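# Remarks on the overall topology
One-letter residues, chain by chain:
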There are 2 protein chains.
Amino acid sequence: MATFIGDYTCKVDVKGRIILPMAFKKQMPADARDHFVVRKDIFENCLVLYSIEDWNRQLEKIRARINPYNREHNKFLRNFFKGTAELSLDNSNRMLIPKKLLDLIEAKRDVVLAGQDGRIEIWAADIYEKIGMPADEFANLAEKLMGGAINEIEE
Amino acid sequence: MATFIGDYTCKVDVKGRIILPMAFKKQMPADARDHFVVRKDIFENCLVLYSIEDWNRQLEKIRARINPYNREHNKFLRNFFKGTAELSLDNSNRMLIPKKLLDLIEAKRDVVLAGQDGRIEIWAADIYEKIGMPADEFANLAEKLMGGAINEIEE
DNA sequence: CCACTTTCCCCCACTTTACGCCACTTTTTT
DNA sequence: AAAAAAGTGGCGTAAAGTGGGGGAAAGTGG
């Protein structure tokens, strides 16, 4: 499984294509470097780009917990898939992002592709500059989620 | 099994035919690309298009839980099969949707074919634009169904 | 049951649109 | 300075859309 590290400012061209930074491509296994799924993030005003591997992993998790014959689960599934798109890199290493997804995150020209473990977030560049938490708030959250004695973590 | 990703606006022609977007066809195994079952969705005002593979899988699930000699089960079965139709793609990659199913979902000219895991939903385009949950409501539902600490998920 | 009529569906041809390919330029990295 | 990466833009074809014709299927009546 890929791990994406780093954030990169990129341009959206007039046809809605973005070049995938080579650094990200190099962080992927050789046989799975040009196939992605993109969708709107659940919590934030950005897109999430999944490698097809990670997408399939997310899908397995969802299939394990979601029953389409349950009304509420059905609704979750529909909203999860709404506005997804499957992407491939072209020979110039670009991917064509559906205009309606770019519009959803108010991206016009400059975007940031931000690695986040197994996925890449795509932000309008101006919005990305504003998103950080205050340092002390993040420190508290980090301790809450990851703090505790080392044995607790490895259990 | 196919996984359908992406949503596409398509036209219904005067004979009730819809072109299956090539992206969906490419998401299917080569030997099962032109055979579908369509029926009205259980919960929402849309149609569901099953690949024949996925239809058979749903049928197995149903056979495992539904006993036609039980009156209530019998009623479920009759309603589940009511208004189903088997479809094939023609040489122009179109499928003929029964007019009464198009009428059921108030589809006239513009429809959306929305991939959702193993199935494709067909919506009147104007209705599809209105179905999304507000972002925070969907975030809450996602957290409710898929959230929790990491150990809960992996259990 | 069969012949005839009507309807509808599949095939095919043509047009329009959009997307992938490719070449070239500029910028960044080595 | 050279190589690699990012950016730009035009062309050709795949895909989507449109529409008509002929024959298969459905319907009707004797």
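Presented here is a report on the structure given in the accompanying data block. (Residues numbered from 1 in each chain as written. Chains lettered and ligands numbered in written order. Predicted model: local features only at pLDDT ≥ 70, side-chain atom pairs only at ≥ 80, totals over all residues. Heavy atoms only, no water.)

## Description of the overall build of chain A
Helix and strand counts for chain A come out as seven helices and eight strands. When the backbone C-alpha atoms are referred to their principal axes, chain A occupies close to 50 × 45 × 30 Å. When each of the 155 residues of chain A is scored for burial, the buried share is 43%. A sequence separation of at least 24 residues applies to 59% of the contacts in chain A between residues at least 6 apart. As displayed, chain A offers around 8,800 Å² of accessible surface, 52% of which is attributable to carbon and sulfur atoms. Averaging the positions of the 24 positive and the 25 negative side-chain charges in chain A gives two centres separated by 9 Å. (Helix = DSSP H or I, 4+ residues; strand = E, 2+ residues; numbered from the N terminus. Buried < 20%, exposed > 50% of the residue type's maximum accessible area, 1.4 Å probe, protein only. Contact = heavy atoms within 4.5 Å. Areas by Shrake-Rupley, 256 points an atom, 1.4 Å probe, with all protein chains shown as cover. Lys, Arg positive; Asp, Glu negative; His and termini not counted. Charge placed at Lys NZ, Arg CZ, Asp CG, Glu CD.)

## Points about the protein's contact with DNA strand D
Around DNA strand D there are 22 residues in total, and K26, R94 and R109 of chain A together with R94 and R109 of chain B lie nearest to it. A share of 49% of the atoms of DNA strand D within 4 Å of the protein falls on sugar and phosphate groups. Between DNA strand D and the protein, one listed contact pairs a phosphate oxygen with a side-chain N or O atom of K26 of chain B at 2.9 Å. Considering each element in turn, the surface near DNA strand D owes the most residues, three residues, to strand β1 (residues 7-11) of chain B. Broken down by class, the residue content of the surface near DNA strand D amounts to nine nonpolar, one polar and 12 charged. (Near = heavy atom within 4 Å. Polar contact = N/O pair within 3.5 Å; in protein donor to acceptor, adjacent residues only side chain to side chain. Nonpolar A, V, L, I, M, F, W, Y, C, P; charged D, E, K, R; others polar.)

## Looking at the protein's contact with DNA strand C
If you check the shell around DNA strand C, you find 14 residues, and the closest are K15, R17 and R94 of chain A together with R94 and L96 of chain B. With respect to DNA strand C, the side chain of K15 of chain B contributes an N or O atom lying 3.1 Å from a base nitrogen. Interatomic distance of 2.8 Å between a side-chain N/O atom of R94 of chain B and a base nitrogen of DNA strand C. A per-class count over the surface near DNA strand C returns two nonpolar, four polar and eight charged.

## What about the relation of the copies chain B and chain A?
Screw-axis analysis of chain B against chain A gives a translation of 5.2 Å along the axis, an RMSD of 0.4 Å, and a rotation angle of 25°. Of the interface residues in chain B, just 11% have counterparts in chain A that sit at the interface too, so the contact is made through distinct surfaces. (Least-squares fit on C-alpha atoms with pLDDT ≥ 70 in both.)

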